[in-house]
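Summary of structural features
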Amino acid sequence: MSTTQHEVALRAASLRVTQPRLAVLAVVDDHPHIDTDAVIGRVRSDYANVSHQTVYDVLRALTDAGLIRRIQPAGSTARYESRVGDNHHHVVCRACGAIADVDCAVGHTPCLTASDDHGFVVDEAEVVYWGTCPDCAAAALAPSPTE
């Protein structure tokens, strides 16, 4: 997304357009599944005077407004992505922690049809697939340097 598109998105969400909000949106757009510390580092590389607290506040405001999504696979720090509104899932590498998006396997969000919803109105499902990424799998099969 461009800066203009970010400005439009902020206004549509009834949020003021500020430099920190634009910077955080750009970073999350460019780096899917980025953690908070990395967001802070990237924003501060362009805007050194932006405080950690400002970035935390912006991340919370953007998440609350639905402009970004916060995910936190078990044992991982919170991560942020700009892919919102489509109820996609994630696959996580047990070895290195890499995360990738996974679309619903069949049809339009079949995961939102619970076998028993207990009367809840289900609007989101979090499915996390766990495994080993191709790089870690290849490294595990490679002979050690002493062999």
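Some thoughts on the sheet that holds strand β6 (residues 128-131)
Pairing in this open sheet of 3 strands is mixed, and the strands run β5-β4-β6 from one edge to the other. Both outer strands of the open sheet, β5 (99-102) and β6, are each paired with one neighbouring strand and no more. Averaged over all pairs of adjacent strands, the angle between their axes in this sheet comes to 25°, without regard to strand direction. As judged from the 4 bridges shared by strand β4 (residues 89-93) and β5, these two strands associate in the antiparallel manner. Among the inter-strand pairings, His90 is bridged to a residue of β5, identified as Asp101.

Looking at the packing of helix α2 (residues 19-30) against helix α3 (residues 36-46)
Two elements in contact, α2 and α3, have axes separated by 10 Å at closest approach and are oriented at 120°. Here α2 is positioned oblique relative to α3, judged by the angle of their axes. With respect to the hand of their crossing, α2 and α3 are arranged in right-handed fashion. Taking contact as the criterion, the partners of Ala23, Val24, Val27 and Val28 in α2 are, on α3, Val39, Arg42 and Val43.

Looking at the nonpolar core
Within the largest apolar cluster, 22 residues are counted, with the highest numbers of intra-cluster contacts made by Val24, Val28, Val39, Val43, Val55, Leu59 and Leu62. If you list the elements that add at least two residues to this core, you get α1 (3-12), α2, α3 and α4 (52-64). Among the elements that make up this core, the one with the highest residue count is α2 (6 residues). Not counting residues up to four positions away in its chain, the partners in contact with Val43 are Ala23, Val24, Val27, Val50 and Val55.

Topic: the side chain of Thr36
Secondary-structure assignment places Thr36 in helix α3. Setting aside chain neighbours within four positions, we find Thr36 in contact with Tyr56, Leu59, Ala78 and Tyr80.

As for the state of the cysteines
One covalent bond between the sulfur atoms of two cysteine residues makes up a disulfide. Across all of its chains, the model carries 0 disulfides by this definition. Left without a disulfide partner, Cys96 is nearest to the cysteine sulfur of Cys136, which lies 3.7 Å away. You can call Cys96 partly exposed: its relative accessible area is 47%. Not engaged in a disulfide, the cysteine Cys133 finds its nearest cysteine sulfur in Cys136; these two sulfurs lie 3.5 Å apart.

Structural notes on the pattern of salt bridges
Applying the stated criterion across every chain yields a total of 5 salt bridges. Salt-bridge contacts for Arg60 lead to Asp57; the nearest nitrogen and oxygen are separated by 2.8 Å. Placement of both Arg60 and Asp57 in helix α4 is noted, with a separation of 3 residues, approximately one turn of the helix. According to the relative accessible area criterion, Arg60 is partly exposed, its value standing at 46%. According to the relative accessible area criterion, Asp57 is partly exposed, its value standing at 32%. For the salt bridge of Asp103 with Arg83, the shortest nitrogen-to-oxygen distance reads 2.3 Å. With Asp103 in the loop between β5 and β6 and Arg83 in the loop between β3 (79-81) and β4, this residue pair connects regions lying 20 residues apart in the sequence.

Reading the values: the criteria
Residues numbered from 1 in each chain as written. Predicted model: local features only at pLDDT ≥ 70, side-chain atom pairs only at ≥ 80, totals over all residues. Heavy atoms only, no water. Pairing = 2+ DSSP bridges. Helix = DSSP H or I, 4+ residues; strand = E, 2+ residues; numbered from the N terminus. Axes fitted to C-alpha atoms, helices over the stretch in contact; angles between N-to-C directions. Parallel < 35°, antiparallel > 145°, perpendicular 65-115°, else oblique. Left-handed = near helix turned anticlockwise from the far one by under 90°. Contact = heavy atoms within 4.5 Å. Core = buried A, V, L, I, M, F, W, Y, C linked by side-chain atoms within 4.5 Å. Buried < 20%, exposed > 50% of the residue type's maximum accessible area, 1.4 Å probe, protein only. Disulfide = S-S within 2.5 Å. Salt bridge = Lys/Arg side-chain N within 4 Å of Asp/Glu carboxyl O.

Purely geometric stuff here, so don't read any function into it on its own.
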